[in-house]
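Notes for the structure review
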Amino acid sequence: MGDAPSIEEAAKSGTGKTTGFVIGANAVSPGAPVSADAEAPASPPRNYSAPAFNAPDLEKQLGKRPTPLLEDETREFERYRRVSEVNWIGMAVFLCYLAALAFYLWVRITKTLDLGQFQWYGILVLVIECLGATTVILYGINLLRMPVATYHVQEDPSSPGKPFTRHPYHVRVLVPCYKEGLDILRRTVMAAYDATLPEGCERTIYLLDDGKDIKKRKWVETLGADVVYVSGRKREPGEMNGKSGNLNNVCSQLYPKGAPIPSTELLCIFDADQVASKEFFLKTLPLFDSGDDIAMVLSPQCFHNLNLHSDIFNHSNVHFWEYMQPGYDALGFISCTGTNFLVRSTAMMEVGGSPTWTLTEDFALGMELKKYGWNCRYVQEYLAIGEAPDQIRNCYQQRSRWCKGHFQILFNFEHCPLFQRRLSIFMRIMYMSGVWAYIVGALSTPTFIIIPIVTIWGGVFPIVVSQWAAIGLTVYMVATHAVLYYVRSPKHLEALWFSNIANTLMWFTYVKALYSALSSVTLGKTIQFKTTLKGAAMLMNTAVRDLWMPGLCFILLLATLILGLIKLGTSATIASPLCISIVWIVYALIPEALVMYYACVSKACLLADYELSKCRASANGVSLQYVCRICMVLSFFSAACAVGLMWGLYPKEYDLGHVLSLSSYFYNAQRAGHLPPDNGVPWRSDALLWETGPGEIDLTGGWLNGGSAGDLKMSVPTAFTTSLVAWGMLAFPAGYAAANQTYAGQQSVRWGADYLLKTLIANSTGGNVSSIVYQVGNYTIDQTYWGRPEDIPRTVSGYPTRPAFTAPASHASDLGGAIVAALAASSLVFRSTDPGYSTTLLSAAFDLYAVVTDSANHGLYGDVATFKACVGPFAKGSTGAQCIPASVQLNGSAVPLYNGTTYYDCLLWAATWMYKATGDGAYLDDATTFYVAHLYDETGSERLVFDWTSYYWASCVLLAQLTDGGTYHERSQHFMRMWVCGIDQVVAYTPRGRAYNSASGSLGSTANAAFLATTYGAYELPSNPALASRYVCWARSQIRYMLGDADQSYVVGYGRNAPTHADNRAASCPPPPQQCSAVSGLLNPQPNPNVLSGALVEGALFSDVFQDVRILNSTNVEIEFNAGFQGVLAGLSQASGTWEQCLQGYGGLGRVSTVCGNA
């Protein structure tokens, strides 16, 4: 082979055959002189003197492409004028996408990144989203314009219907091969041989065999002079691109250095498996007549062994051939695809031949041609058919080669598109778009897979799920799909979906290719060209090395899906990130499941000794195509479901400040006595202005209790409410200020404190408090009355309706302690705004504290409470006839409604607030004493209740803040842990997520626990932010339940399905002058005529089933229900973070290790 003459020598000698080559008569060297007798064309084309192959200074020429005229050439150089038109639909779609992208980015940046400690994660995902958006933009640019055919192919006058070319082109068909079988090459060569040429054109076929296969040579020798066998080239060690070397070997001999190359000389390149149609040259050659600067004519590729309905590796590449290449043609961008194209020989040699420095010589060739000012035409018609790689190993290997080649171009400073000064800025961007798509795919696809996995396993979601997020995501997804699935035929939708599937499957291949390219640059590792095996050879390849990553993703995604479904089934509430992630997992599973199924089908075909192409037509193949169609439908459906869930399950935004103002309204509506002008409740007016106590002391004012106590005024819940509202104002002043409720809160505290001061009755000498009014109003009479407070009569049947009930202060440790705490806390509220009033409150608290803490007289007020005489019908028992003695019947007293069982916790509460108000250590010592006494002498703390019956846990939280004592912190955290985690079922969760304590089952009790969690969380925040966040998030979850997360608001006048039948007499009564009675009020099925806005109802039992009926306990409203509720509203308004941040890690949705440990 080494003695073989060159191609041109063989041509000149006319021998026709050589050892290494088979030369036909038409294989004339373009540099050979033309006979003077030869008939010259009517308009001779312009020829060029081509530079020598691989001339060292070729790449450094930055000027214009040299175009010297031949001596006998007289015509002007004809330049191709590209004409394109606006694709108005494509432009509209693209502009809509840009607008949607701008809106989406605004939403993402301003509305969805408030993720607290995980904000970095959200920003990272947003950056990757932006990278993905750039690839959509680069793809969308191709939709803006469409090429217009300005050159119309003429018919040959002598052969009607046959295209005519103005110049007699000589097409040299190059078929490079290496190890492909002769059966494949035979079809390719013979199809090129049989393809019809325009009149006057010539063709020579060269089989470029780098494999030196003697069978191929012998076969070519049988074909005749127009087919040439080329072999014997010496391959350089470590050669990167064998195909380019093969092509350049023949080109360097066809067009020797310095020899002029006629512009009619064309090269046509077919891959070894590409079978040209009869019309291939008739459709392509005439396009070279449209300009002497047309360097290339491209045509798309298709494959005979491809089932378009199971093309998971996107071999059909419809989005490229049908949408990108036409756009490239209109924009003047040359994107060579390696086969089925013709290139002008002058252009090929001018750019130095086929690039050898990259695996993707086709893409590099297009860029080099563009650098030298050449143009390209695209024939949007499938004129050749090839064989796609069927085996998974070959598919991945092919895409790996493409990807590595693009990265080689990127990392080659001499050839990187960004640094090519001969290219316009726009063309540099366009030539970067290919490698950029690989980079983005290597980043975005694994991110897309990881996000739902992180959400389900770690509970961290990268965006704030909100209404804004739903709007932004919907707009952006619709716009993105409109661009990516923009089609001119509905049949293309499936192919474009396969393109997305293929990109998802190839991400790890892109990562490995990037690593290989970087290694070649930094470590000097060699990258070698690996041909894509065709025919029987490819069936022997194994796919294990390619399937391990999709397999791992499949297993991980499937395990995550199972875990997500388990969490969804066991969670107390439906978390939108969890639901969205489950659907997302289904979407992400589809590509991985398809490739696994594809591998199984391929394996089954091989075991059955089927050819894969035939197997596709068998039962297995049919099943694959239907599986693909089902998966496509499921893919679009799951994407739509994810958006739908975003809309249906996004956490609603609740205006906590507004609800806080409504709660103040509720307290105003419960006022008795002379109402101030700014009371703000139009359906309430002055009432019960004649209430007096022993010695005719003034007992007007205060709050009507509500609930079972009806319109009675009870001191126990009043003291509890006043102290808790005051604590809320002290703990969360910013929350009150943000809601503009500071003044309203102060007035509520003052209203309660003023009344409590009136309940303290001094002895006859004006000394210490001797007795305490614990009730105003006759309970027995009150239960028979349903009407407006303003209409309550003074007497009924001659008996007073509003008597005062008292208890000796010295034996009322529980009631007295609660009042002391309320007065002390209230004094702190007014210390800076009304010092005189603050002093009055603290002085009264000091005096009462001295009385109730006298160890000789400790006791429960209910044990020593005084009752009215056994007179009148309203003191009768259930038997109705006999007047039961006062010691049994209570005669109008409601002590059983508010009669506690412990008092040391009340004294502990009083001492703790006195210490906070005065700073006197003696009160702290007392608090310690009462703390120990409560634990040793009393029971009830195990009930984990904070309400008017138990102050132990609240005292622990307050003492932890005041002293930072370890014991108090441990007790406080124990309380939180039991409520948050539901340990030992002391506190359980309803199906909709409410923390329910059967010992005190009202929503008010849950709100009180949430208040303690918020208060303690605010204190713990600086030292233990994770713990504090969990407490506050749990409190948010409970308040959100009350405001509507359970599809039911439990606050009158606010939110969805709010209660309309609150058990409240004034609210249920029709407006005057209509009479109000049990019939027109209590039993009236219509909603209350007056809305008791802000009232927190008692709520449903553990089943979450709420019945909005006045006669049921579920609609009870009582002043103590709103006390902690109002405080936690202020606390959450002041607290940093959002509910969406709480959803990160499911801190508010279930057991978390930060709070619950291993419990």
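Calculation rules
- The residue numbering used here restarts from 1 in each chain and proceeds along that chain's sequence as written.
- Note on the predicted model: pLDDT of at least 70 is required for a residue's local features to be given, and 80 or more for side-chain atom pairs to be given and counted; whole-chain, interface and lining totals, by contrast, use all residues.
- As a convention, hydrogens and water are excluded, and side-chain values are obtained from all of the structure's heavy atoms.
- Comment: elements are numbered from the N terminus, with helices defined as DSSP H or I runs of at least four residues and strands as E runs of at least two.
- Throughout this description, buried means an accessible area under 20% of the type-specific maximum (1.4 Å probe, protein chains only), exposed means over 50%, and partly exposed covers the range between.
- Residue contacts are defined here by distance: any two heavy atoms, one from each residue, within 4.5 Å place the two residues in contact.
- Structural elements are reduced to axes, namely lines fitted to C-alpha atoms, with helices fitted over the stretch in contact, and the angle between N-to-C directions of any two is expressed from 0 to 180 degrees.
- Should an angle fall under 35 degrees it is called roughly parallel, over 145 degrees roughly antiparallel, and 65 to 115 degrees roughly perpendicular, with every other angle called oblique.
- Take the far helix as your reference; a near helix turned counterclockwise from it by less than a right angle gives a left-handed crossing, and one turned clockwise gives a right-handed crossing.
- UniProt positions are given in the numbering used here, feature names are shortened, and annotations may be inferred rather than shown by experiment.
- Given the number of residues in a helix, its expected span is that number minus one, multiplied by 1.5 Å.
- Under this grouping Gly is polar, as are all residues other than the nonpolar Ala, Val, Leu, Ile, Met, Phe, Trp, Tyr, Cys and Pro and the charged Asp, Glu, Lys and Arg.
- By the convention used here, strands pair only if DSSP detects at least 2 bridges between them.
- Think of a nonpolar core as a cluster: buried Ala, Val, Leu, Ile, Met, Phe, Trp, Tyr and Cys residues, connected wherever their side-chain atoms sit within 4.5 Å.
- Any cysteine sulfur atom paired with another within 2.5 Å is treated as part of a disulfide.
- Every case where a carboxyl oxygen of Asp or Glu lies within 4 Å of a side-chain nitrogen of Lys or Arg is listed as a salt bridge.
- Put simply, the grid is 1 Å and covers the protein atoms alone, a cavity is a trapped set of points that fit a 1.4 Å probe, a pocket is an open set with protein on both sides within 12 Å along at least five of seven lines, and lining residues have an atom within 4 Å of a point.
- Grid points are joined across faces, edges and corners, and a volume is the space filled by probe spheres set on the points.

So, about the overall build of the chain. When you go through the chain residue by residue, the secondary structure sums to 39 helices and 24 strands. Counting the 1159 residues in the chain, one finds 59% classified as buried. In the chain, once contacts between residues fewer than 6 apart in sequence are set aside, the share between residues at least 24 apart is 78%.

Here helix α23 (residues 742-759) crosses helix α25 (residues 813-829) at 140°, and the two axes come no closer than 10 Å. Put simply, α23 runs oblique to α25. The two elements α23 and α25 meet at a crossing, and its hand is left-handed. From α23, Gln-746, Val-749, Ala-753, Leu-756, Leu-757 and Thr-759 reach across to α25, where they touch Ile-819, Ala-822, Leu-823, Ser-826 and Val-829.

What follows deals with the UniProt feature "transmembrane region" (unreviewed entry) in the chain. Mapped onto the present numbering, the UniProt feature "transmembrane region" (unreviewed entry) falls on residues 86-106, 118-141, 435-459, 465-487, 547-566, 573-590 and 624-650. Helix makes up 78% of residues 465-487 and strand 0%, whereas the separation of the span's terminal C-alpha atoms amounts to 32 Å. Taken as a whole, residues 547-566 contains 100% helix and 0% strand, while its terminal C-alpha atoms sit 28 Å from one another.

The subject of this paragraph is helix α4 (residues 182-194). For an α-helix, the turn length of 3.6 residues means that residues three or four places apart are oriented alike. Between its first and last C-alpha, α4 extends 18 Å over 13 residues, near the 18 Å set by a 1.5 Å rise per residue. By the burial criterion, the buried members of α4 are Leu-182, Ile-184, Leu-185, Thr-188, Val-189, Ala-191 and Ala-192. If you follow the buried residues of α4, they end up packed against β6 (170-177), β7 (202-209), α5 (214-221), β8 (227-230), β11 (275-276) and α7 (280-284).

A few words now on the packing of α25 against helix α26 (residues 835-852). Relative to each other, α25 and α26 sit at 155°, their axes nearing to 8 Å. The orientation of α25 with respect to α26, classified from their angle, is roughly antiparallel. For α25 against α26, the interelement crossing comes out left-handed. Across from Ser-813, Gly-816, Gly-817, Ile-819, Val-820, Leu-823, Ala-824, Ser-826, Ser-827 and Leu-828 in α25, the residues of α26 making contact are Ser-838, Leu-841, Leu-842, Ala-844, Ala-845, Leu-848, Tyr-849 and Val-852. A breakdown of the residues in the contact of α25 with α26 according to their chemical character gives twelve nonpolar, six polar and no charged.

Read from one edge to the other, the open sheet built from seven strands follows the order β8-β7-β6-β10-β14-β12-β15, with strand pairing classed as mixed. Of all strands in the sheet, those with a lone pairing partner are β8 and β15 (375-378), marking the two edges. For this sheet, the mean inter-axis angle between neighbouring strands, taken without regard to orientation, is 20°. Pairing of β7 with β8 involves four bridges; the strand directions are parallel. Bridging across to β8, Tyr-206 finds its partner in Val-228. Strands in contact with helix α6 (residues 242-254) are β6, β7, β8 and β10 (265-269); relative to β6, the strand with the most contacts, it is inclined by about 145°. The sheet strands contacting helix α10 (residues 361-371) are β12 (294-298), β14 (341-344) and β15, and the helix crosses β12 at an angle near 150°.

By size, the foremost hydrophobic cluster in this structure holds 146 residues, and its most contacted members are Trp-727, Leu-1012 and Phe-1125. Non-local contacts of Trp-727, meaning those with residues more than four positions away in its chain, are made with Trp-909, Trp-913, Ala-954, Val-957, Leu-958, Gln-961, Phe-1011, Leu-1012 and Thr-1015. Judged by nonpolar contacts, the second largest core, of 69 residues, contains Ala-100, Leu-267, Trp-357 and Trp-374.

A large share of strand β19 (residues 769-776) lies buried, amounting to seven of its eight residues. Where strand β17 (residues 713-714) meets β19, two bridges bridge the pair, whose relative direction is antiparallel. Bridging from a neighbouring strand, Met-714 pairs with Gln-775 of β19. Two strands pair when backbone bridges link them, and strand β18 (residues 760-762) and β19 are joined in this way by three bridges, in the antiparallel orientation. Following the sheet pairing, Ala-762 is matched in β19 by Val-769. Pairing analysis gives five bridges linking β19 to strand β22 (residues 804-808), with the strands arranged antiparallel. Bridging across to β22, Val-776 finds its partner in Ala-804.

A complete count under the given rule lists one disulfide for this structure. Between the sulfur of Cys-1069 and that of Cys-1076 lies a disulfide, 1.9 Å long from S to S. Residues Cys-1069 and Cys-1076 share a disulfide whose torsion about the S-S bond is about -70°; that sign makes it left-handed. Classification of Cys-1069 as buried rests on a relative accessible area of 1%.

Here we take up the pattern of salt bridges. The final tally for this structure, using the stated rule, is 25 salt bridges. Two residues, Lys-243 and Asp-271, come together in a salt bridge whose shortest N-O distance is 2.8 Å. Remark: Asp-271 occurs in the loop between β10 and β11 and Lys-243 occurs in helix α6; sequence separation between them is 28 residues. When its relative accessible area of 12% is taken as the criterion, Lys-243 is described as buried. Here Asp-271 falls in the partly exposed class, since its relative accessible area comes to 22%. Between Arg-393 and Asp-546 there is a salt bridge whose closest N-O contact spans 2.5 Å. Separated by 153 residues along the polypeptide, Arg-393 in helix α11 (residues 392-411) and Asp-546 in helix α16 (residues 544-570) bring together distant segments of the chain. For Arg-393, a relative accessible area of 8% puts it in the buried group. Connected through salt bridges with shared partners, the residues Asp-210, Arg-233, Arg-235 and Glu-239 form a single ionic network.

This part covers the sheet that holds strand β13 (residues 302-303). Backbone-to-backbone hydrogen bonds pair the strands of a sheet. The strands run either parallel or antiparallel. Spatially, β11-β16-β13 is the arrangement adopted by the three strands of the open sheet, whose pairing is mixed. The sheet is open, and its two borders are formed by β11 and β13, each paired with just one other strand. Two elements, β13 and strand β16 (residues 384-386), share two bridges in a ladder whose sense is parallel. Across the sheet, Cys-302 pairs through a bridge with Ile-385, a residue of β16.

Each neighbour pair has its own omega, and for Pro-1072 with Pro-1073 the value is 10°, a cis peptide bond. For Pro-1073, the position within the fold is in the loop between α35 (1065-1068) and α36 (1078-1082). You will see that Asp-1047, though not glycine, has its phi angle at about 65°, which is positive. Checked against the element boundaries, Asp-1047 lands in the loop between α34 (1025-1045) and α35. Asp-1047 gets classed as partly exposed once you look at its relative accessible area, which sits at 32%. The phi torsion at Asn-1057 lies on the positive side, around 50°, for a residue other than glycine. The topology assignment puts Asn-1057 in the loop between α34 and α35.

Counted according to the given criterion, the structure contains eight cavities of 30 Å³ or more. Volume-wise, the largest cavity comes out at about 100 Å³. What lines the largest cavity is a set of 13 residues, among which Val-716, Asp-814, Leu-815, Cys-906 and Trp-948 lie closest to the centre. Per element, the largest residue contribution to the lining of the largest cavity is three residues, and it comes from α25. Here the residues of the lining of the largest cavity sort into eight nonpolar, four polar and one charged.

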